[in-house]
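# Architecture at a glance
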Amino acid sequence: MGQVTTPTARTAGAEGTADAAEAPRETRDGSPAAVPPTGLAGRAIRRLAVLRLRRWFWPAALAAGYLVQVLFRLVLVRHLDYPSVHPDEESYLILARVLAGRPTTEMPVGVVIPGGYALLISPALRIADDPVTAYHLVLGINALVSALVLPLAYAALRRLGLQRGAAYAFGAATALLPPVVFYSQFALTDAVLPALILAWLLCLHGWLTDGPARGRTRYAAGAGAAAAYAMATHDRGGVVVALTAAVFAGVLLFRKAPWRTAVAGLGALGAGALGTELLARWLHAQFTVEDSDVGGFLWKGLTDPEATQRTLTRTAGQIWYFTVSTWGIGGLAVVACLFAVFSRRTPLPHRITGGVLVALLVGTALASAAALPDDGRIDNWVYARYTSYLVPAAFVTGVAVVARCGRRALGRSAAATTGLIALLAVLVIGSAGSKLRTQGFVLWTLPDVSFLTADWGRLSMVRASTAALVIFCAVLLIRTAGGRRAFWAVGVSLVLFAGFATATITERVSQPHSAWRKPLATGFTHSAGLKPDDSVVFVWDLEWTLRTTQTFEVYRGRVWYLDPRWQPLPPAATAVVTPLPGQGQEPEAYWPAHPAGWYVDRTDTQQNWALWRKR
């Protein structure tokens, strides 16, 4: 993980001693050993203090906390019955459908995307007999994987020097952060990547830390396998693989770890990359679509002189959103990691993993900024989703900085963090200018800053930065004013605030977004009278979100995209959906040369479609 030493670490020792002198004696888990009150509360506290010393207590507490995290996520998604993020969700669901052994259908996104996430959720589509049940099961899998952030964050915080109680509290806060929970409410790779990347960094750190060779070999193999699965899950995983290979090769070259462990890591990485390539080839053979050209868009965005300024501005915007969505604590981690890389007093495992964390953040932001289209949306300037998978790793690193640094070191690091947030905001505002006000605002892509500004209809970078810094300064103030005695209060407060923020964003963003899409999903299935075994042709002229949604809603049969006026109908087709012709014309006028036996079964003038069936 990232290092917790700051540029002024030489003063931290004296100040840490001062903090320790101010704090009362602590128990084994780091909580103050104050005299408990008498009565029932006192007995309960004393009983808890005894239980915390039992060997089984913390594993049981982690298991219970994990179950609570899973239940919290399931409660939030209880009203979500169908994919609403088009065409991304449908594309992963269609890949999962094929991997589950069901018939192929149209690929909504038009290319075959990585299938690692689809492989994970494919059991849901193998078990379920209808799309709503399948989608519920997929969200259940998301909850199970996303909630793993709690035990992983706890392990990371313990490795960064926090006591058990504090690590548990801040681990719970990390798992409840809006960027961690929000994307798990949809069938997207971002539901599993945060836990995966945190596990990957933990494995890297464990491999680099002195210990038995057998354990370090397992950590190295785990890091290689996790990186390969990240590449199988999303294109961002390519950056993870490149960094992992570079670390393995560098450590092997400079003999910073036993060579056998590095070879084991490279072997796991290579085997995983080979499996990823075989999976991609098999999936591509199931569809009749072109190869993805993400690399081409990326190369153009990085080399086209006209796009250079836009790419750099978007990179700064994504890093700004990342720091703001972590309430400045992630920005504090970035600052600390940057200084740690150049500090010889920092242990090598911290230096390398801290540098890798920052490199992955910048690399992801730069690559996605170059590849994103110029489609007139505000969020493309400050896109949140692609860097969100690093939020847990950065947050726990920032928490460790707050916990372990002295007042002066913490103050200087906080000033650097504030300057970083302000600089990034100024760069984006100065470059994008009026486009941040006049281009299209998509609330789903800007949930965190909308919550921070309490404005769900526009982007205000100044207000969002101010709100994040207010939270950041409040955390630091409580910590520095109360010393380590107040650290528990900070942890509990962040747990409550993160839960409130996540629940609010679900209510104001996730649920309305899904409800808005209902007429195109289960609403269309009901109004069109589609039967479970129907196979449907959708004409290209129809509204594109209707076409993409129905590739999953038509669950047992399949969907085709074609125009029956000049393309032959597939023999297995049982229904055709066409647009309505011009005003005042009969529905049959759109397809006047339809084959004998086909007729218009029903129409919808509001959504502009006609459903044809065969007699």
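The preceding data block contains the structure.
Everything in this summary refers to the structure shown in the same document. (Residues numbered from 1 in each chain as written. Predicted model: local features only at pLDDT ≥ 70, side-chain atom pairs only at ≥ 80, totals over all residues. Heavy atoms only, no water.)

## Re a nonpolar patch on the surface
Our working rule: To count toward a patch, a residue needs a relative accessible area above 30% and no salt bridge. Like charges then connect within 9 Å, nonpolar side chains (Val, Leu, Ile, Met, Phe, Trp, Tyr) within 5 Å. Under the convention used here, a 1.4 Å probe and the Shrake-Rupley method define accessible areas, while residue burial counts only the protein chains that appear. The term salt bridge refers to a side-chain nitrogen of Lys or Arg lying within 4 Å of a carboxyl oxygen of Asp or Glu. Secondary structure counts use DSSP, requiring at least four H or I residues in a row for a helix and at least two E residues in a row for a strand, with both numbered from the N terminus. Between buried and exposed lies partly exposed: a residue is buried under 20% and exposed over 50% of the maximum accessible area for its type, with that area taken using a 1.4 Å probe on protein chains only.
Side chains of Leu 252, Trp 259, Val 263 and Leu 266 sit close together on the surface and give an oily, nonpolar patch of about 340 Å² of accessible area. Within the element layout of this structure, Val 263 appears in helix α13 (residues 259-285). A residue is classified by how much of its surface remains accessible, and Val 263, at 41% relative accessible area, is partly exposed.

## Some remarks on the nonpolar core
Put simply, the test is: In this text, buried Ala, Val, Leu, Ile, Met, Phe, Trp, Tyr and Cys residues form a nonpolar core when linked through side-chain atoms within 4.5 Å.
Residues Leu 125, Leu 162, Ile 197, Trp 200, Trp 207, Trp 320 and Leu 494 are the most contacted members of the largest nonpolar core, which totals 158 residues. Counting residues in hydrophobic clusters, the runner-up holds 15 residues, among them Leu 530, Val 577, Trp 609 and Leu 611.

## Description of the sheet that holds strand β5 (residues 609-614)
Note on sheets: strands pair through backbone hydrogen bonds, and any given pair is parallel or antiparallel. Selection criterion: Two strands qualify as a pair provided that DSSP identifies no fewer than 2 bridges between them. Axis angles are defined between N-to-C directions and span 0 to 180 degrees, where every axis is a line fitted to C-alpha atoms and, for a helix, only to the segment in contact. The contact rule is simple, with two residues in contact once any of their heavy atoms fall within 4.5 Å.
Read from one edge to the other, the open sheet built from five strands follows the order β2-β1-β3-β5-β4, with strand pairing classed as mixed. Among the strands making up the open sheet, the edge pair consists of β2 (559-561) and β4 (598-604). On average, each strand axis in the sheet is tilted by 25° relative to the strand beside it, whichever way the strands run. Bridge count for strand β3 (residues 575-578) against β5 is four bridges, and the pairing is antiparallel. Its bridge partner lying in β5, Ala 575 is registered against Arg 613. Across the sheet, helix α25 (residues 544-553) is in contact with β1 (536-538), β2 and β5; its angle to β2 comes to roughly 155°.

## Here's the deal with the side chain of Arg 547
Within the element layout of this structure, Arg 547 appears in helix α25. Contacts of Arg 547, omitting those with residues within four sequence positions, involve Phe 538, Val 539, Trp 540, Leu 542 and Tyr 561.

## Describing the packing of helix α12 (residues 237-254) against α13
Applied cut-off: Angles below 35 degrees are treated as roughly parallel, those above 145 as roughly antiparallel, those between 65 and 115 as roughly perpendicular, and all remaining angles as oblique. With the far helix as reference, a near helix turned anticlockwise by less than a right angle produces a left-handed crossing, and one turned clockwise produces a right-handed crossing. By the convention adopted, Pro, Cys, Tyr, Trp, Phe, Met, Ile, Leu, Val and Ala count as nonpolar, Lys, Arg, Asp and Glu as charged, and the other residues, Gly among them, as polar.
Where α12 contacts α13, the axes come no closer than 9 Å and their chain directions differ by 160°. Relative to α13, the element α12 lies roughly antiparallel. As α12 runs across α13, the sense of the crossing is left-handed. Contacts from Val 241, Thr 244, Ala 245, Phe 248 and Leu 252 of α12 reach α13 at Trp 259, Ala 262, Gly 265, Leu 266 and Leu 269. In the contact of α12 with α13, the residues fall into eight nonpolar, two polar and no charged.

## Looking at the pattern of salt bridges
A side chain with one charge may pair with a side chain of the opposite charge, provided their charged atoms come close. Under the counting rule described, the total for this entry stands at 14 salt bridges. A salt bridge links Arg 385 to Asp 88, with the nearest nitrogen and oxygen atoms 3.1 Å apart. Here the residue Arg 385 occupies a position in the loop between α17 (348-371) and α18 (391-404), and Asp 88 occupies one in helix α4 (residues 88-99), the gap between them amounting to 297 residues. You can call Asp 88 partly exposed: its relative accessible area is 24%. For the salt bridge of Arg 556 with Asp 533, the shortest nitrogen-to-oxygen distance reads 3.7 Å. Of this pair, Arg 556 sits in the loop between α25 and β2 while Asp 533 sits in the loop between α24 (522-527) and β1, placing them 23 residues apart in sequence. Assessed through its relative accessible area of 40%, Arg 556 is described here as partly exposed. Overlapping salt bridges bring together Asp 88, Asp 190, Arg 236 and Arg 385 as one network.

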